[in-house]
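In case you want the letters, here they are:
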Amino acid sequence: MSDEMAPHAPLSNDDGFWGLLLGKKYDRIPESERTIKNLVSEFYRGRTKRIDTRFESTDDLLAELEDQEPDCAQQILLTLWAEEKWAQKSSGGNGFRVKTDFREELQRLEDEGLFVEELADGFTLVWPSKEVRVTTREDDRVRSRLFEQAHPLFVRTDGDGEIEVRGAKSRIKKFSKTFADSDGVSRIGRSQTTQHVIDGLASIFDDEIEALTLTDVEFQRTYLPDGSSLSLSNPAGVRNDLNSDAIFQELVDLQSLSELSYLGFNHNKTGKTVELKVEREETGFYFEIQDRYLPESEKEAIQLLIEDKLGISFDSIYPYDVQLRDSYIFHQILTGAVETYNRYFEDLPEEEQSLLNEFIDVAEIDTYECYRCHEVYEEEKPDECDECEGDSFRDDIRREVSVDDEAIHEAAFESLKEIRDTLSDNGINFLDVSIDGYETKHNDYIRATFQEVASAGKEANTHRYEYINYCLGNGRLPRRINQYLLNSVLVVYGKAYLNGREHFGTIDLHDLLMTDSPEDLLTSAIRDSKSQFRNRIIGRADEAFERLQDLHQRGAAGEFDDLSQGEREELKEEYDYNEFERDVFYLLKFMFLFTERWGREGETETDGCLVIPEDDGYFIASYDPKLTYTKNGYDLDAGEKNKAAWYMITENLGGALSVSLSDDENLDAHLFVSNNFREGQFPYVASRIQEWFEQSEDVEKEDIPVAFLPLESLLSLYDTFDRHYDPIIEYPSVKAAFRRAFIEKIRSGEDGYSVVDTDACDAVEERVLQALKGTTRSRTLKDHTE
């Protein structure tokens, strides 16, 4: 076939095929130049050595393709492509032994919905797929449609019944579950060993591997005060730093090798990266190599070298009990892991066995397995099998480990409840510390209350805190902690310890029960909780903003006008009062961290409390979100007026906000927040509330304003805060300007009330911009632009 004929040949015209082989390179080739010769030349680049070992040159490859039918030519190219991808994927750990006909097993995969392509040289492509929604432009419209997205797994057989699979872990997991579901297929798994590997791994501190330079190391726990992880990285090598006096013995030592999670090497010959990862599971841990960019010819040699120099085996699972990991075994057993209990419990120290016995119950259940069909019966041995009528059974005992969460809560409470009086942490004093139990309908908590005071003792730097702490193991975090964004420390055990918990201060249950200084663990966890608290809010606030913005836009477009009662009820099911209250809280909490959400069912109390630090104390306001789907707006009738006044009076007398209020502090305002107000009611609501105050004997008669915050204004405030987030957080002067301007708008009303409208919000942003001009950041930016 001549080159002039090629543009009309099926092989060169298959856009999808060449797009797979060349990716974006294909898109950059003009259509007029997509001849078979040009396409093969582009494919040849970067694969020269691989192709030349078989075809000697691109001309020989081209000649071979032109001699073949299009399907055979595609198979040749796909095989070369698969060989390259195969070499780029990490080796080992995903092997199978096939006793039956391999093609029959592939057919079974196709029957299960997987697409299979057999290639040459023992290669097979298996394409797991999933539906994804893609937004595309169609002429003058944009539409979103579902497509089947497929990614390849590369399967290779050695011809003697063993195959290896390479590709993404998630796809291999899906493939393995389906492929191994056959009597003729078995996984080539790692074997348990009793070998001690700590001594071998110790060579990373002192023995050089000439072929490999250690460039990265990571320990998941160190001797830092909070046990933080440690990562070292240096392309020139980290061994000198790892052995320096500042790190070795101070932060990590030989025992820390049981906390090793990652090693990175540079292969000096090829300049490629080789990664060694520690993977942990129920019965032990194993090593996994990531060598995806090494030439295939180098992979086996490097694996053998690492095994030899570090004294490890990639085919073994190492038990925890010989690797200095008693605490890890402790938590594994507290997940209810039977295999871990069976293997390790008797070898644990007596103190840890005694602790675990307080928290677990081990039941032994007699089992009887039919020899013929493997049906299993429990507790009583049957006369014959119901499935196959066999009468021979294998006797065994199955254990179940159940975890007593209430006992763990009680033990943690006992360890913490004696903490009293004053604690100190990094220049901060915790005064009047009190620990008590706190119960709700569904959960038990450990409550800690204290007054935080800077060492200088300045009143402006104090705040009263309430921490609702929870013992989290194998269940879910109570919704209340996140929905109300409560200050919380988690005492973690079992799965919660093994999986970690982002954005919370945590106390390891094992450490808590073993320590003589529980107060140090508590103060450290509170510090972590405070430093990470904003990360808990950000995502929720963004989502709340989207929901509230959608609500506002729909209302502004008239979507809620002239609805029937039934239609309004349907909208409430879609987005109800509680969800509106939650989302308003998330936005206020994002801007003003001390904001609290109240409004508990069955309690006569405000829906929330807005607490904003000022120079000489706090501005404290109760707030009440009001959702309506009516055109006329929310009806602040006499009941609402009375309720608002009741909130203000009772909170001044020490209600739900007493944790936030000091003895000499009163409530400063009450805010109504609504997506649609009846503005004509504003004067009457304010006057009615003031009448209540005049009639009360226990509340000071000073004017306490009522403020009305339309949803549009709340969204505008949030947008201002979000757009100027970094300087507001980093510069106290900018943060103070935002707070002060907002408070002034609440206090600046007439006739006992104020309306924080969009003009007021624009004025708040203007104050932020003025404050920003005085920062170093602003001056630097100005100089740069000039």
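Each value, and the rule that gives it
- Each chain has its residues counted from 1, following the order in which its sequence is written.
- Local features in this predicted model are restricted to residues of pLDDT 70 or higher, and side-chain atom pairs are both shown and tallied only at a pLDDT of 80 or more, whereas totals for entire chains, interfaces and linings draw on every residue.
- Values shown for side chains rest on all heavy atoms present in the structure; no hydrogens or waters enter the calculation.
- Under the scheme used here, helices are H or I runs from DSSP no shorter than 4 residues and strands are E runs no shorter than 2 residues, and both carry numbers assigned from the N terminus.
- Burial status follows relative accessibility: with a 1.4 Å probe on protein chains alone, a residue under 20% of its type maximum counts as buried, one over 50% as exposed, and anything between as partly exposed.
- In this analysis, two residues are considered to be in contact whenever any of their non-hydrogen atoms come within 4.5 Å of each other.
- In short, Shrake-Rupley with a 1.4 Å probe defines the accessible areas, and a residue's cover is counted only from the protein chains shown.
- The salt bridge criterion pairs a side-chain nitrogen of Lys or Arg with a carboxyl oxygen of Asp or Glu, the two atoms within 4 Å.
- Working definition of a nonpolar core: buried Ala, Val, Leu, Ile, Met, Phe, Trp, Tyr and Cys residues. They are joined through side-chain atoms within 4.5 Å.
- To define axes, lines are fitted to C-alpha atoms, for helices over the stretch in contact only, and angles between the resulting N-to-C directions are given on a 0 to 180 degree scale.
- Note on angle classes: values under 35 degrees are labelled roughly parallel, values over 145 roughly antiparallel, values of 65 to 115 roughly perpendicular, and the remainder oblique.
- In this scheme, a crossing is called left-handed if the near helix is turned counterclockwise away from the far one by less than a right angle; it is called right-handed if the turn is clockwise.
- Only Asp, Glu, Lys and Arg are considered charged, only Ala, Val, Leu, Ile, Met, Phe, Trp, Tyr, Cys and Pro nonpolar, and every remaining residue, Gly among them, polar.
- The directions from the helix axis to the C-beta atoms form the arc being described.
- In a helix, the anticipated span is given by 1.5 Å times the number of residues less one.
- N or O atoms closer than or at 3.5 Å make up a polar contact, with two conditions inside protein: a donor-capable atom paired with an acceptor-capable one, and, for residues adjacent in sequence, both atoms drawn from side chains.
- Two rings from Phe, Tyr or Trp (for Trp, the six-membered ring) form a pair when their centres are within 6.5 Å of each other. A pair whose planes differ by under 30 degrees is stacked, one over 60 is edge-to-face, and the rest are tilted.
- pLDDT measures how confident the predictor is about each residue, on a scale from 0 to 100.
- Being paired, for any two strands, means DSSP has found at least two bridges between them.

### A look at the overall build of the protein
- Secondary structure summary: the protein contains 30 helices and 30 strands in total.
- Taking all 786 residues of the protein together, 46% fall into the buried category.
- Looking at the protein alone, contacts between residues at least 24 apart form 61% of all its contacts between residues at least 6 apart.
- Summing over all exposed atoms, the protein offers an accessible surface of approximately 40300 Å²; the carbon and sulfur share of this is 42%.

### Quick look at the pattern of salt bridges
- This structure, assessed with the given rule, holds 33 salt bridges.
- Between Arg108 and Glu105 there is a salt bridge, with its nearest N and O atoms 2.7 Å apart. Taken together, the residues Arg108 and Glu105, both in helix H8 (residues 102–111) and three residues apart, mark about one turn of the helix.
- Arg554 is the partner of Glu559 in a salt bridge, and the nearest nitrogen-oxygen pair spans 3.0 Å.
- Accessibility expressed as a relative area gives 17% for Arg554, which makes it buried.
- One network of salt bridges, with partners in common, ties together Asp550, Arg554, Glu559 and Glu574.

### Brief notes about the nonpolar core
- Ranked by size, the top nonpolar core spans 76 residues in total, and within it Phe287, Ile306 and Ile312 carry the most contacts.
- Setting aside residues no more than four positions away along its own chain, Ile312 makes contact with Val197, Leu201, Leu276, Phe287, Ile306, Glu307 and Tyr318.

### Concerning the packing of helix H5 (residues 48–55) against helix H7 (residues 70–88)
- One can describe the packing of H5 onto H7 by two numbers: an axis separation of 11 Å at closest approach and a directional angle of 135°. As summarised for this structure, H5 and H7 are arranged oblique, according to the angle between their axes. Between H5 and H7 lies a crossing whose hand is right-handed. In this structure, H5 contributes Arg50, Ile51, Arg54 and Phe55 to the contact, and H7 contributes Ile76, Thr79, Leu80, Glu83, Glu84 and Ala87.
- Its residues assigned to classes, the contact of H5 with H7 shows five nonpolar, one polar and four charged.

### Here we look at helix H9 (residues 169–179)
- Of all the positions in H9, only Ile172, Phe175, Ser176, Thr178 and Phe179 are classed as buried. Taken around the axis of H9, the buried residues stretch over an arc of 165°, which confines them to a single face. Residues of H9 that are exposed and point more than 90 degrees away from the buried face comprise Lys169, Ser170, Lys173 and Lys177.
- Buried residues belonging to H9 abut strand E1 (95–98), H8, strand E3 (123–127), strand E6 (153–157), strand E7 (162–166) and strand E8 (185–188).

### A few points about helix H17 (residues 405–416)
- Taking 1.5 Å of rise per residue, twelve residues should cover 16 Å, and H17 covers 17 Å from first to last C-alpha, within 8% of that figure.
- Those residues of H17 lying buried are Ile408, His409, Ala411, Ala412, Phe413 and Leu416.
- The opening residue of H17 is Asp404, an N-cap whose side-chain oxygen sits 3.2 Å from the backbone nitrogen of Glu406.

### A look at the packing of aromatic side chains
- On inspection of all chains with the given rule, the structure shows 35 aromatic pairs.
- Their ring planes at 25° and their centres at 5.6 Å tell us that Phe450 and Tyr465 sit as a pair that is stacked. With Phe450 in strand E21 (residues 444–454) and Tyr465 in strand E22 (residues 463–472), the pair connects residues that are 15 residues apart, well separated along the chain. You'll find Phe450 and Tyr465 in the same group, each marked buried.
- Taking 5.3 Å as the distance between ring centres and 20° as the angle between the ring planes, the aromatic pair formed by Phe592 and Phe742 counts as stacked. Within this pair, whereas Phe592 is found in the loop between helix H23 (577–591) and strand E25 (596–597), its partner Phe742 is found in helix H28 (residues 732–747), the two being separated by 150 residues in sequence. The pair formed by Phe592 and Phe742 is uniform in burial state, with each residue classed as buried.

### With respect to the confidence of the model for the protein
- The share of residues in the protein with pLDDT of 70 or more is 89%, and the mean pLDDT across the chain is 83.
- Low pLDDT (under 50) marks residues 1–8, which in the prediction has twelve contacts with non-local residues, meaning those over four places away or in another chain.
- When the criterion is pLDDT under 50, residues 778–786 qualifies, and its contacts beyond four places in sequence or with other chains add up to four contacts.

### A look at the pairing of strand E19 (residues 421–425)
- Two elements, E19 and strand E20 (residues 428–439), share four bridges in a ladder whose sense is antiparallel. Bridge assignment links Asp425 to a residue of E20, and that residue is Ile428.
- Hairpin geometry of E19 and E20 is characterised by an intervening segment of two residues between the two adjacent antiparallel strands and by a positive phi of about 50° at Asn426.

### Quick look at unusual backbone geometry
- We note that Asp121 has phi near 60°; this positive angle belongs to a residue other than glycine.
- For Asp121, the location among the structural elements is in the loop between strand E2 (115–118) and E3.
- On the basis of relative accessible area, Asp121 is assigned to the partly exposed category, the value being 41%.
- A positive phi angle, close to 55°, is found at Asp432, a residue other than glycine.
- Along the chain, Asp432 falls in strand E20.
- Since its relative accessible area comes to 61%, Asp432 is described here as exposed.

### Points about the sheet that holds strand E30 (residues 753–755)
- Pairing in this open sheet of six strands is mixed, and the strands run E25-E26-E27-E28-E29-E30 from one edge to the other. Of all the strands in the sheet, just E25 and E30 have a single pairing partner and so form its edges.
- Of the strand pairs in this sheet, strand E29 (residues 706–710) and E30 are connected by three bridges, and their pairing is parallel. Following the sheet pairing, Ala707 is matched in E30 by Ser754.
- Running over the sheet, H23 touches E25, strand E26 (608–614), strand E27 (617–626) and strand E28 (669–674) and is turned about 155° from E27.

### Let's talk about the sheet that holds strand E14 (residues 284–290)
- The strand order across the open sheet built from five strands is E11-E10-E12-E13-E14, with neighbouring strands paired in antiparallel fashion. Sheet topology places strand E11 (230–233) and E14 at the edges, where each strand pairs with a single neighbour. Neighbouring strand axes in the sheet, compared pairwise and without regard to direction, differ in orientation by 20° on average.
- Judged from the five bridges that link them, strand E12 (residues 260–267) and strand E13 (residues 273–281) form a sheet pairing that is antiparallel. Residue pairing across strands places Gly264 opposite Glu275, the latter belonging to E13.

### Re the packing of helix H14 (residues 326–333) against helix H16 (residues 350–359)
- The N-to-C vectors of H14 and H16 enclose an angle of 15°; their axes lie 11 Å apart at closest approach. If you check the angle between H14 and H16, you find them roughly parallel. Taken as a pair, H14 and H16 cross one another with a handedness that is right-handed. On the side of H14, the interface is formed by Asp326, Phe330 and Ile333, while H16 contributes Glu352, Leu355, Leu356 and Phe359.
- Split into classes, the residues belonging to the contact of H14 with H16 amount to five nonpolar, no polar and two charged.

### As for the environment of Leu146
- In this fold, Leu146 is placed in strand E5 (residues 141–150).
- The exposure class of Leu146 is partly exposed, given its relative accessible area of 47%.
- Considering only alpha carbons, one finds Leu146 and Lys130, 16 residues apart in sequence, at a separation of 9.8 Å.
- Apart from residues lying up to four places away in sequence, Leu146 is in contact with Glu131, Val132 and Arg133.

### Brief notes about the environment of Asp158
- By the element assignment, Asp158 lies in the loop between E6 and E7.
- Residue Asp158 is classed as partly exposed on the basis of its relative accessible area of 45%.
- C-alpha separation for the pair Asp158 and Phe123, spaced 35 residues apart in sequence, amounts to 9.5 Å.
- From its side chain, Asp158 meets the backbone nitrogen of Asp160 in a polar contact 2.8 Å long.

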